[in-house]
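# Per-entry structural report
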Amino acid sequence: MAEAPADLDMDRTASRSSEALLTVRGLRKTFGGVEAVAGVDMSIRAGETVGLVGPNGAGKTTLFNCICGQVRPGSGTIVFDGVPLDRMPVYRRARLGIGRTYQRIELFPELSVRDHLLVAERARSGHGRLWKDLLNRARPQPDELSRVEAALQLVGLSDLADTSVAALGLGTCRVVELARALVAEPRLLLADEPSSGLDVHETRQLADILRTVQRRRGMAVLLVEHDLAMVERVADRAIAMDLGQVIAEGPLKTVMAEGRVRHAYLGTDR
Ligand SMILES: Nc1ncnc2c1ncn2[C@@H]1O[C@H](COP(=O)(O)OP(=O)(O)O)[C@@H](O)[C@H]1O
Ligand SMILES: [Mg+2]
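All residue numbers refer to positions counted from 1 along the written sequence of the respective chain. Written order determines the labels here, with chains lettered from A and ligands numbered from 1. For this predicted model, a pLDDT threshold of at least 70 governs which residues receive local features, and a threshold of 80 or more governs which side-chain atom pairs are given and counted, while totals over whole chains, interfaces and linings are taken from all residues. Side-chain metrics in this entry use all non-hydrogen atoms of the structure; hydrogen atoms and water are not considered.

As a further point, take the pattern of salt bridges. Side-chain pairs of opposite charge can arise where the charged atoms are in close proximity. Each reported salt bridge corresponds to a side-chain nitrogen of Lys or Arg within 4 Å of a carboxyl oxygen of Asp or Glu. Evaluated as defined, the whole model comprises 12 salt bridges. In this structure, R187 engages D81 in a salt bridge whose closest nitrogen and oxygen atoms are separated by 3.0 Å. With a gap of 106 residues between them, R187 in the loop between helix 7 (170–182) and strand 7 (188–192) and D81 in the loop between strand 4 (75–80) and strand 5 (83–84) connect regions that are remote in the sequence. When salt bridges that share partners are traced, they join R45, E48, R237 and E249 into one network. Secondary structure elements follow DSSP: runs of H or I of four or more residues count as helices, runs of E of two or more count as strands, with numbering from the N terminus.

Following this line, the structure appears as structure tokens:
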């Protein structure tokens, strides 16, 4: 559990009683003249899976980047488990329990599946050994190995642990990307279009894996996903965004039936 300064105790209590793990209030981020995130309010409870839907350019990835700390919002607040994130750097947010997967997958073809997870774990835990890894001078520590093996097992990749990523199909690479985020045992996982580029069968498999992971780890998941069948399979509820704002939230079917949501989707070429 993260330590908060004493003057934050009231915020922490308020957060607990409403059971919100993540609370976003009045969040804004502008790039040049574009309001990518234009006043977002939302909250996620511990352990729930929320589908974040909306057309391309709605601001979903920018919202993720603000939550993870890769992008600094122009205004607004983000509170995670009672701790205001303000200007907290990315690695400290990761230690608090915020993990993510990326829309564009970035794996190193020559590295084995296990090594991908080990490198991620080292970068996160900040043991300062990353430069040694690059020089092949540091051996994995037992605690690092056990976290990595647990993540591999959880997603069903144990048998492929020694395989280099170059030998894997995109569907399996997406699972590696998911496992990489799980090594840190996040309490909130932000998954950015994990099924992007997958066929129907692979998407279904990934949805099943995500559901298993969510159930076993009990973490909260915010899932950006264009495949509505996948959202339906894994999410407890949905939030729709368009033009940087939340335009509807509730059960997925209700959200997708709302006029503003239908208009947002039909207004694109998708
Ligand atoms: N780094 C950036 N620089 C300039 N504009 C950006 C940047 N990131 C996102 N945008 C713009 O912000 C808007 C929202 O983008 P994004 O958050 O990627 O939406 P989504 O993930 O919903 O497709 C888009 O108009 C996009 O072009
Ligand atoms: Mg995006």
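Now for the packing of helix 6 (residues 142–155) against helix 8 (residues 200–217). The axes are straight lines fitted to the C-alpha atoms, using for helices just the contacting stretch, and the angles between their N-to-C directions are given from 0 to 180°. Running from N to C, helix 6 and helix 8 point in directions that differ by 130°, and their axes come no closer than 9 Å. Classified by the angle between their axes, helix 6 and helix 8 sit oblique to one another. Contacts between helix 6 and helix 8 involve A150, A151, L154 and V155 on the former and, on the latter, I209, V213, R216 and R217. Of the residues belonging to the contact of helix 6 with helix 8, the class tally is six nonpolar, no polar and two charged. Oblique is the label for any angle not covered by the other classes, which are roughly parallel (under 35 degrees), roughly antiparallel (over 145) and roughly perpendicular (65 to 115). A contact between two residues is defined here by any heavy atoms of the two lying within 4.5 Å. For this scheme, ten residues count as nonpolar: Ala, Val, Leu, Ile, Met, Phe, Trp, Tyr, Cys and Pro. Four count as charged, namely Asp, Glu, Lys and Arg, and the remainder, Gly too, count as polar.

Moving on, we get to helix 11 (residues 259–266). Buried, partly exposed and exposed residues are distinguished by accessible area as a fraction of the type maximum, computed with a 1.4 Å probe on protein chains only: under 20%, between the cut-offs, and over 50%, respectively. Residues of helix 11 that are buried include every one of V261, A264 and Y265, and no others. Here the buried residues of helix 11 occupy an arc of 95° about the axis, which is enough to place them on one side. Summarising the geometry of helix 11, the exposed residues directed more than 90 degrees from the buried face are G259, H263 and L266. To obtain the arc, one takes the directions from the helix axis to the C-beta atoms.

Okay, the sheet that holds strand 4 next. We call two strands paired when DSSP finds no fewer than two bridges between them. The four strands lie next to each other as 2-1-4-5, forming an open sheet whose pairing is antiparallel. Each end of this open sheet is capped by a strand with a single partner; those strands are strand 2 (34–45) and strand 5. Relative to strand 4, strand 1 (residues 20–31) is paired through five bridges, and the arrangement is antiparallel. Paired with R25 across the two strands is T77, which belongs to strand 4. Of the strands in this sheet, strand 1, strand 2 and strand 4 touch helix 2 (residues 60–68), which is tilted by about 115° from strand 1.

For a regular strand, side-chain orientation follows a simple rule: the groups alternate between the two sheet faces. Pairing of strand 1 with strand 2 involves nine bridges; the strand directions are antiparallel. Across the sheet, residue R28 finds its bridge partner in strand 2, namely A38. Counted between consecutive antiparallel strands, the loop separating strand 1 from strand 2 contains two residues, among which G32 sits at a positive phi close to 55°.

What follows concerns the site of ligand 1. For this description, a residue counts as near a given molecule or strand if any of its non-hydrogen atoms is within 4 Å of it. The environment of ligand 1 is formed by F31, V34, A36, P55, N56, G57, A58, G59, K60, T61 and T62. Contacts described as polar in this section are N or O atom pairs within 3.5 Å, which, within protein, must combine one atom able to donate a hydrogen with one able to accept it, while residues neighboring in sequence count only if both atoms come from side chains. Within the side chain of K60, a nitrogen or oxygen atom sits 2.8 Å from an oxygen atom of ligand 1. A distance of 2.8 Å is found between an oxygen atom of ligand 1 and a side-chain nitrogen or oxygen belonging to T61. In isolation ligand 1 exposes 560 Å². Once the protein is present, 59% of that is buried. When contributions to the shell around ligand 1 are tallied by element, the ones reaching two or more residues are strand 2 and helix 2. Ranked by residue count, the leading element in the shell around ligand 1 is helix 2, at three residues. In the shell around ligand 1, the residues fall into five nonpolar, five polar and one charged. The accessible surface values rely on the Shrake-Rupley method and a 1.4 Å probe; as for residues, cover is taken only from the protein chains in view.

Turning our eyes to something else, we now look at the sheet that holds strand 8 (residues 220–224). Each strand in a sheet pairs with another by means of backbone hydrogen bonds, the pair being arranged parallel or else antiparallel. As summarised here, the arrangement of the six strands in space is 6-7-8-3-9-10, forming an open sheet in which the pairing is mixed. Looking at which strands have only one partner, the edges of the open sheet turn out to be strand 6 (98–101) and strand 10 (245–250). On average, adjacent strands in this sheet sit at an angle of 20° to one another, irrespective of strand direction. With five bridges connecting them, strand 9 (residues 237–242) and strand 10 associate as antiparallel partners.

Here we come to the environment of E19. When you line up the elements, E19 lands in the loop between helix 1 (9–17) and strand 1. Apart from the residues within four sequence positions on either side, E19 is in contact with I44, R45 and A46.

The backbone of E193 sits at a positive phi, close to 45°, despite the residue not being glycine. Structurally, E193 is set in the loop between strand 7 and helix 8. Taking the relative accessible area as the measure of exposure, E193 reaches 9% and is therefore buried. A positive phi angle is found at L243, which is not glycine, with a value near 50°.

We now examine the nonpolar core. By nonpolar core is meant a set of buried Ala, Val, Leu, Ile, Met, Phe, Trp, Tyr and Cys residues that side-chain atoms within 4.5 Å join together. Counting 34 residues, the largest nonpolar core has L117, V155, L157 and L182 as its most contacted members. In terms of residue count, the dominant contributor to this core is helix 7 (seven residues). Segment limits for the domains were obtained from an automatic or database-derived domain assignment. The two domains that each donate at least three residues to this core are domain 1 (1–97 + 186–270) and domain 2 (105–184). With near-sequence residues (within four places) excluded, L157 lies in contact with V113, L152, T172, V175, V176 and A179. I44, L52, L85 and L222 belong to the second-largest nonpolar core, a separate cluster that totals 31 residues.

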